[in-house]
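The primary structure of each chain is shown beneath.
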Amino acid sequence: MELSYPTERNARTWMVEVGRRLYARQLVNGGEGNLSTRLGPRRLLCTPTGANKGFLSEDQLVITDLDGSAQGLRAPSSELLLHLACYEERLDCLAVVHAHPPHAVALTLAGDELLPCMPEAITALGEVPTARYATPGTERVAEAVRPYLRSADCVLLERHGALAMGFGHRALFDGCDKLEMLEGVSRVQLLASLRRVPTPLPAEERKILNDQRLAGQARLRLSPRPWDRDR
Ligand SMILES: [Zn+2]
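Residues numbered from 1 in each chain as written. Predicted model: local features only at pLDDT ≥ 70, side-chain atom pairs only at ≥ 80, totals over all residues.

Q: Can you lay out the nonpolar core for me, pointing to particular residues and giving the numbers?
A: Ranked by size, the top nonpolar core spans 58 residues in total, and within it Met 15, Val 97, Val 145, Ala 162 and Leu 163 carry the most contacts. For this core, the element with the most residues is helix H1 (residues 8-24), which contributes seven residues. (Core = buried A, V, L, I, M, F, W, Y, C linked by C-beta atoms within 7 Å. Buried ≥ 20, exposed ≤ 12 C-beta atoms within 10 Å, placed from the backbone. Helix = DSSP H or I, 4+ residues; strand = E, 2+ residues; numbered from the N terminus.)

Q: Give a description of the pairing of strand S3 (residues 62-65) that names residues and reports values.
A: Here S3 shows a clear split, with Val 62 and Thr 64 buried on one side and none of Ile 63 and Asp 65 buried on the other. Inspection of the sheet shows strand S2 (residues 43-46) paired to S3 by four bridges, in the antiparallel sense. Its bridge partner being in S3, Leu 45 is matched across the sheet by Ile 63. (Pairing = 2+ DSSP bridges.)

Q: Give a detailed account of helix H6 (residues 171-193), specifying residues and quantitative values.
A: Here H6 is 23 residues long and its end C-alpha atoms lie 33 Å apart, about the 33 Å a rise of 1.5 Å per residue gives. Among the residues of H6, Ala 171, Leu 172, Asp 174, Gly 175, Cys 176, Lys 178, Leu 179, Leu 182, Glu 183, Val 185, Ser 186 and Gln 189 are the ones counted as buried. (Expected span 1.5 Å × (residues − 1).)

Q: Go over the sheet that holds S2, please, and point to the residues and values.
A: The sheet built from seven strands is open, its strands ordered S3-S2-S1-S4-S7-S6-S5 with mixed pairing. In this open sheet, the two strands that pair with only one neighbour each are S3 and strand S5 (130-131). Relative to the sheet, helix H2 (residues 80-89) contacts strand S1 (34-40), S2, S3, strand S4 (95-99) and strand S7 (161-166), its axis offset from that of S4 by approximately 140°. Sitting on the sheet, H6 touches S1, S4, strand S6 (154-157) and S7, and the angle it makes with S7 is about 145°. (Contact = placed C-beta atoms within 7 Å. Axes fitted to C-alpha atoms, helices over the stretch in contact; angles between N-to-C directions.)

Q: Can you explain the packing of H1 against H6? Please cite residues and give values.
A: Where H1 meets H6, the closest approach of the two axes is 9 Å, and the angle between their N-to-C directions is 10°. When the axis of H1 is compared with that of H6, the two are roughly parallel. Contacts between H1 and H6 involve Trp 14, Met 15, Val 18, Arg 21 and Leu 22 from the first element and Leu 172, Phe 173 and Cys 176 from the second. (Parallel < 35°, antiparallel > 145°, perpendicular 65-115°, else oblique.)

Now the structure itself:
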């Protein structure tokens, strides 16, 4: 599989933009959350540890390799191991977005799974499993999530947050869009559960919608590469 990687300049611009968006959408607070994107098969750009994602600057971002060795003075994200697990398990994954979307985390506190109740939950997200709780910032978070990464693009982290993998030429934005969508459908599921227990869509309708999602993913991987112009 041949992947198209963003230029470092574009990746830095996009990461700052996606950080602002996560903060504006209240998917992260304070220093929460972290972002990374591939610059090459073994080279990543990621957010620094502890920084507020709403106020990042391009020169704060950290370059690492797939062993987690960072260049420069700043330390990479404390959840870098979680990101590395995604890139190890999914060679086509070009970005990872981790945030703390409040309604999605509330579902995990209530002991509920995210259900495929609405079409967009299936067409945009696919199955979203929940990884069991592990202490944030430790390698146990990556271990808890790893079993799900080959079959799911998004994972809920119990009592903690969520992650989304991004694909295609706008991979960071793809991951961010998925987290926004995940938070939206979590909010609706929680609201509906105040009145009655939500039910999933029928299996045959889920199959139709899932086929649409897979077709959309295939188109994304074949789409043109706009950054080739400004290399
Ligand atoms: Zn976190």
